[in-house]
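Architecture and fold: a report
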Amino acid sequence: PNFFTGTGSLNVTASPPVSNLTQQIGYLTIQPAINAASNGDVIEVAAGTYDGFRVTGKTDLTVQASGVVTITPVNISGETAGVYVDPGTTGLIIDGFSFDRTGLTNSRGVIGRDGSGYEVKNSSFANLATGVYANGTGSGNVSLTVKNSTFTNCSAGVGGTEATNPAIITGNTFTIPTNGEGVGLGTGVGGLTLNDNSFLPNTAVAIANYTISTLS
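Residues numbered from 1 in each chain as written. Predicted model: local features only at pLDDT ≥ 70, side-chain atom pairs only at ≥ 80, totals over all residues. Heavy atoms only, no water.

**Observations regarding the overall build of the protein**
Looking only at helices and strands, the protein has one helix and 23 strands in total. Counting over 216 residues, the protein shows a buried share of 48%. Looking at the protein alone, contacts between residues at least 24 apart form 57% of all its contacts between residues at least 6 apart. Summed over its atoms, the accessible surface of the protein is roughly 8900 Å², and 48% of this surface lies on carbon and sulfur atoms. (Helix = DSSP H or I, 4+ residues; strand = E, 2+ residues; numbered from the N terminus. Buried < 20%, exposed > 50% of the residue type's maximum accessible area, 1.4 Å probe, protein only. Contact = heavy atoms within 4.5 Å. Areas by Shrake-Rupley, 256 points an atom, 1.4 Å probe, with all protein chains shown as cover.)

Here's what the structure looks like:
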């Protein structure tokens, strides 16, 4: 695609840094591409560093990296996040991104809220308060899958998980510092799958169980 929308300009003969592969439309940044996407679209992001983005009310949207793509957490709804998944967003796939705090405090790589459903895969998380955070304690459960990703020097790799069902966490590698945890299991977590994860020797706590209900 060589047609651009959003702010800024670019030679039309160049490849766009962000492309909606389904609609064959190019963008200069990620957020306009997300906003304009239809359900089921595939958005591809070229190598580079980009600000975090928010996904609202989309179904079966895929956002994938091509090359090394670093997402810098920004303020979204009063929280510092690389990706913020709003309630009502379902079937979202986030594939192949790198998330790094870059000096920010209390930041999270991916945040999913009440009634959202998303899968994070083939991604890396470093120097964050929480790599992937899910919380469905408001209006509905969060559906969460995290697979084939790495978590390094985060206070929690996968955390929150209150009212998260299913919670599928598989094929990940965790290197978590002192006073941190690889996976935190919150109250109301269910449909739990934990397999093929690696917790490297200097990980402080592999799995922390905060739930007061029976895991299912």
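**Quick word on the pairing of strand β4 (residues 42–51)**
Of the pairings in the sheet, the one linking strand β2 (residues 18–20) to β4 comprises three bridges and is antiparallel in character. Bridge assignment links V18 to a residue of β4, and that residue is V45. Bridge count between β4 and strand β6 (residues 62–72): nine bridges; the pairing is parallel. Of the residues in β6, the one forming a bridge with D51 is T72. (Pairing = 2+ DSSP bridges.)

**Quick look at the pairing of strand β8 (residues 79–85)**
Of all seven residues in β8, seven are buried, a share of seventy percent or more. In terms of strand pairing, strand β5 (residues 53–55) meets β8 through three bridges, oriented parallel. Pairing of F53 across the sheet is with V83, part of β8. Taking the residues between adjacent antiparallel strands as the criterion, strand β7 (residues 74–76) and β8 are bridged by two residues, where S77 takes a positive phi near 55 degrees. Here β8 runs beside strand β11 (residues 107–112); their pairing, made up of five bridges, is parallel. Paired with A81 across the strands is R108, a residue of β11.

**What about the environment of I34?**
Checked against the element boundaries, I34 lands in helix α1 (residues 30–36). Residues I34 and V63, spaced 29 residues apart in sequence, show a C-alpha to C-alpha distance of 8.5 Å. The contact partners of I34, leaving out residues within four places of it in the chain, are I43, F53, R54, V55, K58, L61 and V63.

**Thoughts on the pattern of salt bridges**
Should their charged atoms come close, side chains of opposite charge can pair. Tallied over the entire structure, the rule returns five salt bridges. For the salt bridge of E119 with K121, the shortest nitrogen-to-oxygen distance reads 3.9 Å. When its relative accessible area of 18% is taken as the criterion, E119 is described as buried. For the salt bridge of E119 with K147, the shortest nitrogen-to-oxygen distance reads 3.5 Å. (Salt bridge = Lys/Arg side-chain N within 4 Å of Asp/Glu carboxyl O.)

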